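Examining the three-dimensional arrangement
One-letter residues, chain by chain:
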Amino acid sequence: MAELILTFTGRDAPGITARLSRTLAQAGARLTDVEQVVVQGLLTLGFAVEVDDEQALLKELLFVARELGLSLDDREPEPSRGGAPQRYALTVIARTLGPRQLQQVSEILARHGANIERIQRLSEGGLASVEFAVSLSGEEAPLKQALLQAAGEGAFDCALQPESLLRRSKRLIVMDMDSTLIRIEVIDELARAHGVGEQVAGITRRAMHGELDYDQSLRERVALLRGLSARVLHELAENLPLTEGAETLLRVLKRLGYRTAVISGGFSVAAEALQKRLGIDFAWSNTLEIADGSLTGRVLGPIVNAQRKAEILEELAARERVPLDQVIAIGDGANDLLMLQKAGHGIAFHAKPKLREAAHTSISAMGLDSILYLLGITGRDVLSLESE
C-alpha cells in the first residue's frame, strides 16, 4: 500500500472538496489527514492517503484536477523524526502587521528549530493579528526570550502558548485597575486635586527605589489626602477614563460566560464604580476612611498589596471552583507580579521590562481587547457576537 500527500491549489469554488473526496472514495483510498485553507479566494487543499493502486489514483486525480482548474502536487510523506514535538500557538499582534514583522517572527522560529504548520488571520478590517500553529522539538524558554526581545524592538507583541484545550477554556479573568483597566493612577489625580501632587510623587519614587515597602508608602501617600472632600473622589470615580479596548473586552467576556474581577491596590470607590459600569462580577481594593464628608487620611482594614492580590486570586478561584490553570491575570506594576505568577496565564499590560520578562505574555502595542486574540477569539467572532 502506497502513502501519498496530495495537495491541490487553485481558485476556490463550491463542490471542489466533494468532487475530490468522491474520487478518493471510488479508488478505495484510506484517508489519514486532511486540511483546507482559502486565502482571498485561492484554495490549498491537502489529503494524506493510503492507496493500493497509486498510478490509477493519480491518473484519475489529474483528470479531475484539470476539470476543476486546479494544480496537483503529489509526494510521499517524510519519514518520522523521532518523538512527537510540542505544539504551540504563537499570537502576533500590532497596530498593523507587515512583511517585516512576519519576517522577524518566522526567522526566529527557524533559528530555534520550530516548524510553522499554519498561519491564520485573527483580526478583521486589516491585518493586526495572526496566529501561527507551531511545532517545536527543542526548549520553549530560549524561543520565548528571542520572541520577546524582537517584539520589544519591533513595536509588536508575541504570545507563545502551549496549544491545548486549556488555552481556549479559561473561565476567570482578574485585572488590576490603575494603569490597566483605566488610564490613570487614582491616587495621583486625588493628590493633584488636593495640591500635594509633588509630595505623593516623591513617596512613590522612594518606594520604587526600595526605600519603603508598599504598605508604608500607601499609608504615607493617603495621609497627605487628609481633608480632601469626598465629593472629589466620587466625581473622579464616576468619570474614570477607560483603557483602550476595556469595554469590548469586558462585553465579550460577559457574553461568553467568563467570570471577571478587579483586584486592585487602588481605592474601593473607584473599583466599585467600574464594577457597576462594566458589569464586572467581583471587586477588591483598599477602603479610604471618610468622616464628615472628607478623607481622614487613613486606610481601613488590611491593605491590598502584592501578596494579598495573589491570595485573593487563589481564594476567588477556589470559591468559584475554577482551577488556577484556567485563570488569567492582567496587570502593569510590580505589585501585580505574584498575582500574574499565581494565575495559569499572567499578562503584563503596558508594563515595565521587569514585569514583562516575568509574565507569561506581554501586551504593549495594543489595547485590552487584543487579549481576546490570546483566547483564540477572532475579530470575526467578536463582530458576530455583537451583531446578535
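Residues numbered from 1 in each chain as written. Predicted model: local features only at pLDDT ≥ 70, side-chain atom pairs only at ≥ 80, totals over all residues. Heavy atoms only, no water.

What about the overall build of the chain?
So the rule is basically this: A run of DSSP states H or I qualifies as a helix once it reaches four residues; a run of E qualifies as a strand once it reaches two. Both are numbered from the N-terminal end. C-alpha atoms define the radius of gyration, and 2.2 Å times the number of residues to the power 0.38 defines the globule rule. Accessible area is worked out with a 1.4 Å probe on protein chains only. A residue is then buried under 20% of its type maximum, exposed over 50%, and partly exposed in between.
Across its full length, the chain carries 15 helices and 15 strands. Against the globule reference of 21 Å for 388 residues, the chain gives a C-alpha radius of gyration of 27 Å, more extended than a compact globule. Principal axes of the C-alpha set define a box for the chain whose edges measure 90 × 45 × 40 Å. Looking at the chain as a whole, 46% of its 388 residues qualify as buried.

Brief notes about unusual backbone geometry
Residue Asp292 is not a glycine yet carries a positive backbone phi of 55°. The residue Asp292 is located in the loop between strand 11 (282–291) and strand 12 (294–300) in this model. Assessed through its relative accessible area of 83%, Asp292 is described here as exposed. Although it is not a glycine, His350 adopts a positive phi angle of roughly 45°. Mapped onto the elements of the fold, His350 is located in the loop between strand 14 (345–349) and helix 13 (353–358).

Some words on the sheet that holds strand 6 (residues 114–121)
Heads up, the condition is: For two strands to pair, DSSP has to find at least two bridges joining them. Orientation is described by lines fitted to C-alpha atoms, with helices fitted over the stretch in contact, and by angles between N-to-C directions that extend from 0 to 180 degrees. What makes two residues a contact is simply this: any of their non-hydrogen atoms within 4.5 Å.
Read from one edge to the other, the open sheet built from four strands follows the order 6-7-5-8, with strand pairing classed as antiparallel. Strands at the two margins of the open sheet, each flanked by one partner only, are strand 6 and strand 8 (157–162). Ignoring strand direction, the axes of neighbouring strands in this sheet form an average angle of 20°. The sheet contact formed by strand 6 and strand 7 (residues 129–136) spans seven bridges and is antiparallel. Residue Ile119 lies in a different strand from strand 7, and its bridge partner there is Phe132. Relative to strand 7, helix 3 (residues 99–111) is tilted by about 10°, and along the sheet it contacts strand 5 (86–93), strand 6, strand 7 and strand 8.

Description of the sheet that holds strand 4 (residues 70–75)
Spatially, four strands are ordered 2-3-1-4 in an open sheet, and the strand pairing comes out antiparallel. Whereas interior strands pair on both sides, the edge strands pair on one side only; in this sheet they are strand 2 (30–39) and strand 4. Each neighbouring strand pair of the sheet contributes to a mean axis angle of 15°, computed without reference to strand direction. Note that strand 1 (residues 2–11) and strand 4 share six bridges and pair antiparallel. Bridge pairing in strand 4 links Ile5 to Arg75. Packed on one face of the sheet, helix 1 (residues 16–26) meets strand 1, strand 2, strand 3 (42–51) and strand 4 and runs near 15° to strand 3.

These figures capture arrangement, not role.
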